[in-house]
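Topology and contacts: notes
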Amino acid sequence: MRNTIDFSPLYHSAIGFDRMASLLDTVARDSKPSYPPYNIEQVEENQYRITMAVAGFTEDELEITSEQNSLVISGRHQGDGESRNYLHRGIANRDFERKFQLAEHVKVVSAKLENGLLHVALEREVPEAMKPRKIAIEGLGKNELLEQNAA
């Protein structure tokens, strides 16, 4: 069974995607289940949402940090000081730290905790200079034809 993906065909026609290829390779290697469970959804073309199941955590026990192209969500239980005698313990009650790599120009817009689910809204803001633009092709065009006719 192969653990890596061959990205060499991508390099033949794509320029500057080295970082993406290494990220995909890392994800393929680290594709084991993790705690807490989460969903990533595309809400609109440039809007995304991460929904994470954080039952048992309060707002004070959760921390969201965004730095450059990285988003870190962590939960640290402060404990209630009670000693409990569980007959069955099926609800995970452990600290966590979950890291997400964000594409360029993706920023965290908001976060809310609702019914044991943490919703983190993300938005991609592509700068005007990076949006697609039409390139004029120089050649024997209208302006040159007018100059030749005037002469």
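Read on for a plain summary of the structure. (Residues numbered from 1 in each chain as written. Predicted model: local features only at pLDDT ≥ 70, side-chain atom pairs only at ≥ 80, totals over all residues. Heavy atoms only, no water.)

1. Re the overall build of the protein
What counts is decided by this rule: Here a helix means four or more residues in a row that DSSP labels H or I, a strand means two or more in a row labelled E, and each is numbered from the N terminus. Each residue gets one of three labels from its accessible area relative to the maximum for its type: buried under 20%, exposed over 50%, partly exposed in between, using a 1.4 Å probe on protein chains only. Contact definition: two residues touch when any of their heavy atoms are within 4.5 Å. Where accessible areas are quoted, they stem from the Shrake-Rupley method and a 1.4 Å probe; at the residue level, only the protein chains shown are allowed to cover.
Helix and strand content of the protein: 3 helices and 7 strands. When the helices and strands of the protein are read in sequence order from the N terminus, they spell out α-α-β-β-β-β-β-β-β-α. By residue count, 17% of the 151 residues in the protein fall in the buried class. In the protein, the proportion of contacts linking residues at least 24 apart, taken out of those at least 6 apart, comes to 47%. Accessible surface, the protein as shown: approximately 12,400 Å² in total, 50% of it carbon and sulfur.

2. A closer look at the packing of aromatic side chains
The geometry of an aromatic ring pair comes down to the distance between the two centres and the angle between the two planes. To be explicit about the condition: When two rings of Phe, Tyr or Trp (its six-membered ring) have centres within 6.5 Å they constitute a pair, described as stacked for plane angles under 30 degrees, edge-to-face for angles over 60, and tilted for the intermediate range.
For the structure shown, the criterion picks out 3 aromatic pairs. Taking 6.1 Å as the distance between ring centres and 85 degrees as the angle between the ring planes, the aromatic pair formed by Tyr 35 and Phe 96 counts as edge-to-face. Here Phe 96 lies in strand S5 (residues 96–101) and Tyr 35 lies in the loop between helix H2 (18–29) and strand S1 (38–44), a separation of 61 residues in the sequence. Ring geometry for Phe 57 versus Phe 96: centroids 5.3 Å apart, planes at 90 degrees, classification edge-to-face.

3. Quick notes on the side chain of Glu 61
We apply this condition: Charge counting follows a simple rule: Lys and Arg are positive, Asp and Glu are negative, and His as well as the terminal groups are ignored. Each salt bridge in this description consists of a side-chain nitrogen of Lys or Arg and a carboxyl oxygen of Asp or Glu lying within 4 Å of one another. Polar contact criterion, stated in full: a pair of N or O atoms within 3.5 Å, where within protein one must be able to donate a hydrogen and the other to accept it, and residues adjacent in sequence count only if both atoms are side-chain atoms.
Along the chain, the position of Glu 61 falls in the loop between strand S2 (47–53) and strand S3 (62–67). Salt bridges are absent for the buried Glu 61, whose nearest opposite-charge side chain, Arg 84, sits at 11 Å. Looking at Glu 61, its side chain comes within polar contact range of the main-chain nitrogen of Gln 78, at 3.0 Å. The contact partners of Glu 61, leaving out residues within four places of it in the chain, are Gly 56, Ser 74, Gly 75, Arg 76, His 77, Gln 78 and Gly 79.

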